[in-house]
Structure formats: structure tokens, C-alpha cells
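# Breakdown of the fold
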Amino acid sequence: MATLAELTPRAQEILGREQKAYEIANPKSREAFQRSSQVLPGGVTRQLCYFPPFPCYADYGEGCWFVDIDGNRRLDLFNNATSLILGHRPPAVMKAVREQLSRGTAFQTNTGLETRLAERLVERVPSVEQIRFTNSGSEGTLMAVRAARAFTGRPKIAKMEGGYHGSHDAVEISVRPPLDPAVAGPAEAPTAVPGSAGIPPGVVGDVVPLPFNNLESARAVLDRQASQIAGIIVEPILGSVGFIPAEREFLLGLRAEAARRGMVFILDEVQSFRLSRGGAQALFGLRPDLTTFGKIIGGGFPVGAFGGRRDIMALFDSSSGRARIPHAGTFNGNPITMAAGMATLEQLTESAFAWLNGTGDRLRLRLRELGERSGVPMQVTGIGSMFKIHFSASPVRDYRSAQQASHTIHEALFFFGLNRGLYLSSGGRCCLSTAMGDAEVDTYLAAVEEFLVALAR
Ligand SMILES: Cc1ncc(COP(=O)(O)O)c(C=O)c1O
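So, a few notes on the structure that sits alongside this text. (Residues numbered from 1 in each chain as written. Predicted model: local features only at pLDDT ≥ 70, side-chain atom pairs only at ≥ 80, totals over all residues. Heavy atoms only, no water.)

Since the α-helix turns once every 3.6 residues, residues separated by three or four places project in the same direction. Its 13 residues give helix α10 (residues 248–260) an end-to-end C-alpha distance of 18 Å, which sits within 8% of 18 Å, the value for a rise of 1.5 Å per residue. By the burial criterion, the buried members of α10 are Phe250, Leu251, Gly253, Leu254, Arg255, Glu257 and Ala258. Against the buried residues of α10 lie β5 (156–160), β6 (207–210), α9 (215–225), β7 (229–234), β10 (264–268) and α11 (279–284). With its phi angle positive at about 70°, Gly262 sits one or two positions after the end of α10. (Helix = DSSP H or I, 4+ residues; strand = E, 2+ residues; numbered from the N terminus. Expected span 1.5 Å × (residues − 1). Buried < 20%, exposed > 50% of the residue type's maximum accessible area, 1.4 Å probe, protein only. Contact = heavy atoms within 4.5 Å.)

With that out of the way, let us pick up the pattern of salt bridges. A full pass over the atoms with the stated rule returns 23 salt bridges. Here Glu161 ties to Arg400 by a salt bridge, and the two come within 2.8 Å at their closest N and O atoms. Residue Glu161 is found in the loop between β5 and α7 (181–184), and its partner Arg400 is found in helix α15 (residues 399–402); the two are separated by 239 residues along the sequence. With a relative accessible area of 15%, Arg400 lands in the buried category. Note that Asp289 is salt-bridged to Arg255, the shortest N-O span being 2.7 Å. Taken together, the residues Asp289 in the loop between α11 and β11 (290–294) and Arg255 in helix α10 connect sequence positions 34 residues apart. The same class applies to Asp289 and to Arg255, which are both buried. Ionic contacts of the salt-bridge type, sharing partners, join the residues Arg219, Asp223, Glu257, Arg260 and Arg261 into one network. (Salt bridge = Lys/Arg side-chain N within 4 Å of Asp/Glu carboxyl O.)

Take the site of the ligand next. Surveying the vicinity of the ligand reveals the residues Ser136, Gly137, Ser138, Tyr164, His165, Gly166, Glu235, Asp268, Val270, Gln271 and Lys295. In the model, an oxygen atom of the ligand is placed 2.7 Å from a nitrogen or oxygen of the Ser138 side chain. In this structure, a nitrogen atom belonging to the ligand sits 2.7 Å away from a side-chain N or O atom of Asp268. Looking at the shell around the ligand residue by residue, the classes come out as 2 nonpolar, 6 polar and 3 charged. (Near = heavy atom within 4 Å. Polar contact = N/O pair within 3.5 Å; in protein donor to acceptor, adjacent residues only side chain to side chain. Nonpolar A, V, L, I, M, F, W, Y, C, P; charged D, E, K, R; others polar.)

Take a look at the structure:
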């Protein structure tokens, strides 16, 4: 087996060649990016939509493909950050949206659609007795964190090092800290590191990072500040740093620790709700106090939600006076989103999940075989329909171990894929949609194999 250091010069060579080919094949995207850069900082309005030298611009989507403005047809392996579980423009969702469009796009009153989508979610997720909708997953986690603080009267929030819960202050801490121990602290008791300029020290001081998949150390950290911590927020699969699943004992253990110490346990299912009808909590056998949602429940439209125990959700009830937590939002429960979300959930039958999860399992297996056969050191993480290759010789089970992987090799694979009709995320995370079939999965695997052969040559 080659070492990463040995493979890096070849990866750089592939990267240089593929980047050049990408630039030549995408003149319209280059022009669109130059124009965007005049009015949008960095040319984009969403960080993930940028990659150097310039990102591509979508024209239209169709099933598991999208076509960019240069006419390149690309197999969509990221599905708008996992949100398009049915792929682009699924007919049933388009029909529901068209019907709602003919009635109106937004009202300063209820439509009942929010009730129906809430009923569907409550029925699917037993831990969720009541729910509120927002316009993004970030708003959902913001409200859940606030609820934990209001419910317990405690100021601090514990989150995982490497955990991503959106862009608000309380959770933009220790998402991707530099690995220097002088900054990030020891692995067993990470230091809170702001992930953005502009976060006040007081906010940083109120966040307690926990080591992911290390229950004993997490317990010790919680012990030191137990009376101050309002809640623990955790993803069942560390998303942003590379689809790293939580070990079951870790999640169940953390949940028990929260209960023992009177902390609110918040499971962030913004991404993981694509794992089953009842989300990751159904698979893990977990009953959180609060759950946050987003992505697939909006059927391709902006959405978020938070819900859980009735006594906690009562904080938002203003029917008998002022709510302890006022929750407003001009587009909360937007009828187009609600209609699209319901139509999407209807399509997500047991057999749809079985195909997504079974195909994900087979795909991870095949990727591992390809890695072994090529002699390229790689780890494959993921669960259900989400997966990622880490070019690393050592197992990946938390944020720090994920940082050992080669970024250059990954970037080379990304551009290699782009030039062969694959749209992987620039960070390397991938997911399936029900619009795909075995042929598309094989197309992806063949491209990865071709890349590995080229790399190891
Ligand atoms: C686990 C998790 N929580 C929260 C969010 C934030 O959601 P949004 O981008 O809709 O604000 C994301 C987004 O990727 C996420 O993956």
C-alpha cells in the first residue's frame, strides 16, 4: 500500500490537469462567477456553493441529474446538501406545489397545511409531541437551544467538537477548529474555539465542546460543569466534517447522562432524517427531548423545524398570554414548503428507505473493495444513503481523526468527477436520491475506480 505522501505528487498532477480541463469546459460558469463577484462577496451567497477557480452554475435539474449553463449534464451526488431525497423536480412534489401556487404563496394566517405536515411528523417520530416550523435548520437549532436554556434556567450548551448545527452564534463554535492543541485543547476535553469572527467571548464561554464518540471523556467534561449546562446538542452522524456516524453506545450513553443531570437532550436530525421514516432516532432506539429537522421535510424548499416533549414545547405557547419564548417568522410554515414537504414524505415509503439504505451499504462495501484493490489508503464513512471517502490510512471516528486525511487527493477526485459528469460535493460528502438507480451508482463507482487506478499508477 502506498503512503499518502507518496501519492500526493501524483494527486497534484491529476488535480492540475483536471482543473484546467474544467476551466476549458465551463466558460459560461466562469463568466457568471466573474459577474457575481461584483455584487456578492466571493461571488456566492452561500459558502458551500464556492470552489476555486470558480463554481459551476446550474441551469435545470431533472431526476438525479442537473445540467449546468455550459450544457454539462452532471449526476447529482450531493442533492443540495442531502435535501433533495427524491432528486430534482419529482412529479408528485411538482404537482402539489403547482396546486398550492394556484391558491397563494404566503398568508398572514394559517392554512392548515402546517398542521398536516406537523401531524405527519408527529406520527413518524414518537418523541416529537409538538413541533414548530422555521425557514432553515439553523433557525430550528437556534430555537431548540433557546428552549433548553429557558426550560432549565441554565446558560451553557454542550456540543460535539466538529458538530455542525447551522450558522448562529451558539453553535458556530468548535466546528472546524485548528488542530493545534494550544488552540483546540486536548482531544478528551476540547477547548471552545469560535468558528467565525464576530462571536462575543461570552457566547464562546457558554459553549462546552465534547469529544465525539468518546463517552467516558464526554462524561468527565459534563461532570465538571453539570449544574451550568442546559442541554446537549448532537448529530447522529457528524455531517460537515465527513459523515461520521455516532456509535450507538455513545449516543445512548450521552442521552442517559443528559437525563441524569436534568439537561435537555437535543438530537439534530436536520440531515439524518433521511435515514428512516422515524429518522436516526428510530434506528438508534433513542428518545430525545427535542429534535431538530430541515432539508428533506421541505421537499426542496427552504425549511427547518424543532419539536419534542410537550412540556418543553409549551414554552412557545402564546394562547394563554405571552409565550415564554416568542417565536415569529414571516415565512414559517410557508404553504408551498408545507405542500412540498408533505408530498415528499408521502413518497418516502418503507421500500424507498430500504432501497436508499441498502444501496448505501452496498456502495460503501464496493468503495472499500476498490480502495483495497488499488492500494490507495482510504476509509469510507457514512450510514444509510450518506457516504464519504477519506483518503487516510487510519480509522475515522471523530473530527480530529478526519483531519488526518489528504485534502489534495480529495480535491483531485472532485475535479476528476466534475469532468466526467459527476457532481460530488467539494468537501467530498455524497448522498443518494431515490431518482437514482443501480446504473447511476455503477457510473459513480466506475469513475472512482478509474481515479484510483490513475492515482496509484
Ligand atoms: C445537522 C445540521 N444541522 C443544522 C443545519 C443547518 O441547516 P440550514 O442550512 O438549513 O440552516 C445543517 C445544514 O447542513 C445540518 O447539517
